[in-house]
Amino acid sequence: DFVFTMIGEEFGLVGNLFILGLYLLLIGSVLGISYRVGSRFAQLTCIGVAMMLFLYVFVNVAMVTGLLPVVGAPLPLISYGGTAMLTVFLGLGVVASAVVHDRPAVE
C-alpha cells in the first residue's frame, strides 16, 4: 500500500512531514497516557499499543522509501488494511479504556 507516496506526490515534503508529525503526536500521546495511568498492566499495554503504531508506520514508510522490502503493511488510520485497521482500532480502544478505568496503584 503506497498511500504515503501518493500524499508526497500531491502535497510534497510538507504533506509527508505533516502526516509524520500527526503520527508522532498520536504515539506521543499514547506514551503520555502510559505514564499517567496507575496500574502497571495499563502502562505496559499502552506502551505496547504505541510500539505497535510505531512499527506499522515505520515499516510502511521504510517500505515505500525503499529501505525495507515491500511486505504490504498498510499505513494506520489512512489506508484500508482490514486486519491491520482492526488491530489499530482495538489498540486505541484499549488505551481509551485504560484512561477511563484508571485506578491508583496499590502499594
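Below or above, wherever it landed, is the structure these notes cover.

Definitions and limits used
- Residue positions within a chain follow its written sequence, with the count starting from 1.
- In keeping with the model being predicted, local features are shown solely for residues with a pLDDT of at least 70 and side-chain atom pairs are shown and tallied solely at 80 or more, while totals for entire chains, interfaces and linings include all residues.
- Computation of side-chain values covers all heavy atoms of the structure but excludes hydrogens and water.
- Strands here are runs of E lasting at least two residues and helices are runs of H or I lasting at least four, both read from the DSSP assignment and numbered beginning at the N terminus.
- Here, Shrake-Rupley sampling with a 1.4 Å probe gives the accessible areas, and only protein chains in the shown set may cover a residue.
- Put simply, a patch holds well-exposed residues, over 30% relative accessible area, that have no salt bridge, with like charges counted together within 9 Å and Val, Leu, Ile, Met, Phe, Trp or Tyr side chains within 5 Å.
- A side-chain nitrogen of Lys or Arg and a carboxyl oxygen of Asp or Glu constitute a salt bridge if their distance falls within 4 Å.
- Here, two residues are considered to be in contact whenever any of their heavy atoms come within 4.5 Å of each other.
- Exposure categories follow from relative accessible area, calculated using a 1.4 Å probe and restricted to protein chains: below 20% of the type maximum is buried, above 50% is exposed, and the middle band is partly exposed.
- One less than the residue count of a helix, multiplied by 1.5 Å, gives the span that helix is expected to have.
- Angles here are taken between N-to-C directions and fall from 0 to 180 degrees, while the axes themselves are lines fitted to C-alpha atoms, restricted in helices to the stretch in contact.
- What sets the label is the angle itself: under 35 degrees gives roughly parallel, over 145 gives roughly antiparallel, 65 to 115 gives roughly perpendicular, and the rest give oblique.
- Whether a crossing is left-handed or right-handed is set by the direction in which the near helix is turned from the far one by less than a right angle, anticlockwise for left-handed and clockwise for right-handed.

**Quick word on the overall build of the protein**
- Of regular secondary structure, the protein possesses three helices and zero strands.
- Moving toward the C terminus, one meets the helices and strands of the protein in the order α-α-α.
- Here the C-alpha coordinates of the protein stretch approximately 50 × 25 × 20 Å along the principal axes.
- With an accessible surface of roughly 6900 Å², the protein has 73% of that area assigned to carbon and sulfur atoms.

**A short note on a nonpolar patch on the surface**
- On the surface, a nonpolar cluster with roughly 580 Å² of combined accessible area is contributed by Met 51, Phe 54, Leu 55, Phe 58, Leu 67 and Leu 68.
- Locating Leu 55 in the fold gives a position in helix α2 (residues 40-65).

**Concerning the environment of Ile 78**
- In this fold, Ile 78 is placed in the loop between α2 and α3 (83-100).
- The spatial distance from the C-alpha of Ile 78 to the C-alpha of Val 3 is 7.9 Å, given a sequence separation of 75 residues.
- Excluding residues that lie within four positions of it along the chain, Ile 78 makes contacts with Val 3, Ile 7, Ile 19 and Tyr 23.

**Quick look at unusual backbone geometry**
- With a phi close to 65°, Leu 77 is a non-glycine residue in the positive phi region.
- With respect to the helices and strands, the residue Leu 77 is situated in the loop between α2 and α3.
- Residue class for Leu 77 comes out partly exposed when judged on its relative accessible area of 45%.

**Quick look at helix α1 (residues 3-36)**
- Taking 1.5 Å as the rise per residue, α1 with 34 residues should run 50 Å; its terminal C-alpha atoms sit only 34 Å apart, a clear shortfall.
- Of the surrounding elements, those touching the buried residues of α1 are α2 and α3.

**Brief notes about the packing of α1 against α2**
- Closest axis-to-axis distance for the α1/α2 pair is 9 Å, and the angle between their directions is 165°. When the interaxial angle is binned, α1 and α2 end up roughly antiparallel. In the crossing of α1 with α2, the sense of the turn from one axis to the other is left-handed. Contacts between α1 and α2 pair Phe 4, Thr 5, Leu 20, Tyr 23, Leu 26, Ile 27, Val 30, Leu 31, Ile 33 and Ser 34 from the former with Gln 43, Cys 46, Ile 47, Ala 50, Leu 53, Phe 54, Val 57, Asn 60, Val 61 and Val 64 from the latter.

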